[in-house]
Amino acid sequence: STAPLIAPSILSADFARLADEVAAIRGADWVHVDVMDAHFVPNLTLGLPVVKSLLAATDIPLDCHLMIENPDRWAVGYAEAGAYNVTVHAEAVKDPRAVARDLRAAGAKAGLSLKPGTALDPWLEVLRDYDTLLIMSVEPGFGGQKFMPEVLDKVRTARRLVDTGHLKVVIEIDGGINDETIHQAAEAGVHCFVAGSAVYDTEDPAQAIAALRATATE
Ligand code: DX5
Ligand code: ZN
């Protein structure tokens, strides 16, 4: 199988020192950026101006996770700015095909995210237009929550479809990933692991990334 990707989430970083916090995650494959609008989720983080500054501050590809209402209006701006992957939520998007087309036309990968209670099956057809599938393993909104193992059934189904050539997405998981939970997620078939508190609430973020990668590879 392919090498696991590790995407540290800066949601758990010090927002007053973002450039240093991104420099601290040496070895990260993607930087996961949680955009929240206080409407789709009950929390407010950052938006396009901060993402533009981050793009200028790092060479690591940015993985923008938009937890916002009306992503149809806002997502393409992140792609045009230079984000590597832009993920919208299935529960918020109105025209998922058009969004995917716009993101790709702007040079980004297109991502679709499912909250823990959102089923995969109704989205399989739409996912043919997407490059990444972000399966939430906590209710979106906050870092440091407990991993929900019940979402691994969706991972297994998606991975089976990828392995049989019926789906062409990178399977990403987000929420509660740490040294213990990453092993089950890897076994279920996840390709890319988002980790916030498990990376930033440690003495040495680069070492935490290396440890997560080693556990996911076992
Ligand atoms: C939650 C965010 C996550 C969050 C994960 O809504 O989408 O990316 O940063 O944090 P941890 O890894 O601490 O669960
Ligand atoms: Zn996220």
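What counts, and at which threshold
- Residues numbered from 1 in each chain as written.
- Chains lettered and ligands numbered in written order.
- Predicted model: local features only at pLDDT ≥ 70, side-chain atom pairs only at ≥ 80, totals over all residues.
- UniProt positions renumbered as here; feature names shortened; annotations may be inferred.
- Helix = DSSP H or I, 4+ residues; strand = E, 2+ residues; numbered from the N terminus.
- Rg over C-alpha atoms; globule rule 2.2 N^0.38 Å.
- Buried ≥ 20, exposed ≤ 12 C-beta atoms within 10 Å, placed from the backbone.
- Contact = placed C-beta atoms within 7 Å.
- pLDDT = per-residue confidence, 0-100.
- Axes fitted to C-alpha atoms, helices over the stretch in contact; angles between N-to-C directions.
- Parallel < 35°, antiparallel > 145°, perpendicular 65-115°, else oblique.
- Left-handed = near helix turned anticlockwise from the far one by under 90°.
- Pairing = 2+ DSSP bridges.
- Right-handed = clockwise from strand over helix to strand, strands pointing away.
- Nonpolar A, V, L, I, M, F, W, Y, C, P; charged D, E, K, R; others polar.
- Near = placed C-beta within 6 Å.

Looking at an unreviewed UniProt entry, one finds the chain named Ribulose-phosphate 3-epimerase, with Actinokineospora guangxiensis as its source organism. According to UniProt, the comment filed for the chain under the heading Catalytic activity (unreviewed entry) is "D-ribulose 5-phosphate = D-xylulose 5-phosphate". On record in UniProt, under Function (unreviewed entry), the comment for the chain is "Catalyzes the reversible epimerization of D-ribulose 5-phosphate to D-xylulose 5-phosphate."

A. Representation of the overall build of the chain. Across its full length, the chain holds eight helices and eight strands. In terms of C-alpha radius of gyration, the chain reaches 16 Å, essentially the compact-globule figure of 17 Å for 218 residues. In terms of principal-axis extent, the alpha carbons of the chain reach across some 45 × 40 × 30 Å. Counting over 218 residues, the chain shows a buried share of 45%. When contacts within the chain are restricted to residue pairs at least 6 apart in sequence, those whose partners lie at least 24 apart make up 59%.

B. Spotlight on unusual backbone geometry. Not every positive phi belongs to a glycine, and Ala38 is a case in point at roughly 65 degrees. When the 13 C-beta atoms within 10 Å are taken as the criterion, Ala38 is described as partly exposed.

C. Spotlight on the confidence of the model for the chain. The pLDDT averaged across the chain works out to 98; a share of 100% of its residues lies at or above 70. On the interface metric, ipTM, the complex scores 0.99, and its pTM is 0.98.

D. Focus on the packing of helix H6 (residues 181-188) against helix H8 (residues 205-217). Relative to each other, H6 and H8 sit at 45 degrees, their axes nearing to 8 Å. Considering their axes alone, H6 and H8 lie oblique with respect to each other. Along this stretch, H6 crosses H8, giving a crossing that reads as right-handed. Note on element contacts: H8 touches H6 through Leu212, Thr215 and Ala216, opposite Ile182, His183 and Ala186.

E. Region of the structure containing the pairing of strand S4 (residues 85-89). Here S4 lies mainly inside the structure; five of its five residues are buried. Residues Asn85, Thr87 and His89 point to one face of S4 and Val86 and Val88 to the other, with burial holding for every one of them. Taken together, the three bridges between strand S3 (residues 62-67) and S4 define a ladder with parallel strand orientation. In the sheet register, Cys64 faces S4, and the bridge partner there is Val86. Bridging between S4 and strand S5 (residues 109-114) involves five bridges; their strand directions are parallel. Within the sheet, the bridge partner assigned to Val86 lies in S5 and is Ala110. Where the polypeptide runs from S4 across helix H4 (residues 96-105) and back to S5, its parallel neighbour, the crossover connection is right-handed.

F. Looking closely at the packing of helix H2 (residues 48-57) against helix H3 (residues 71-81). Contact geometry for H2 and H3: axes closest at 10 Å, N-to-C directions at 20 degrees. In terms of orientation, H2 and H3 fall into the roughly parallel class. Seen from above, H2 lies across H3 with right-handed handedness. Here H2 contributes Leu48, Val51, Lys52 and Leu55 to the contact with H3, which in turn contributes Gly77, Tyr78 and Ala81. Counted by class, the contact of H2 with H3 contains five nonpolar, one polar and one charged residues.

G. Representation of the site of ligand 1 in the model. Neighbouring ligand 1 are 21 residues, the closest being Ser9, Leu11, Gly143, Gly196 and Ser197. Of all the secondary-structure elements, those providing two or more residues to the shell around ligand 1 are strand S2 (31-36), strand S8 (192-195) and helix H7 (197-200). Of the residues belonging to the shell around ligand 1, the class tally is seven nonpolar, 12 polar and two charged.

H. Expanded view of the UniProt feature "binding site: a divalent metal cation" (unreviewed entry) in the chain. Under the UniProt annotation, the feature "binding site: a divalent metal cation" (unreviewed entry) is placed at His32, Asp34, His65 and Asp174. Spanning 143 residues, the named residues nonetheless gather at one spot, since no C-alpha pair among them exceeds 10.5 Å. Tracing the chain through its elements places His32 in strand S2. Apart from the residues within four sequence positions on either side, His32 is in contact with Ala7, Pro8, Ser9, Asp63, His65 and Val194. Relative to the assigned elements, His65 resides in strand S3. When residues no more than four places from it in sequence are discounted, the contact partners of His65 are His32, Val33, Asp34, Val35, Thr87, Ser113, Leu134 and Asp174.

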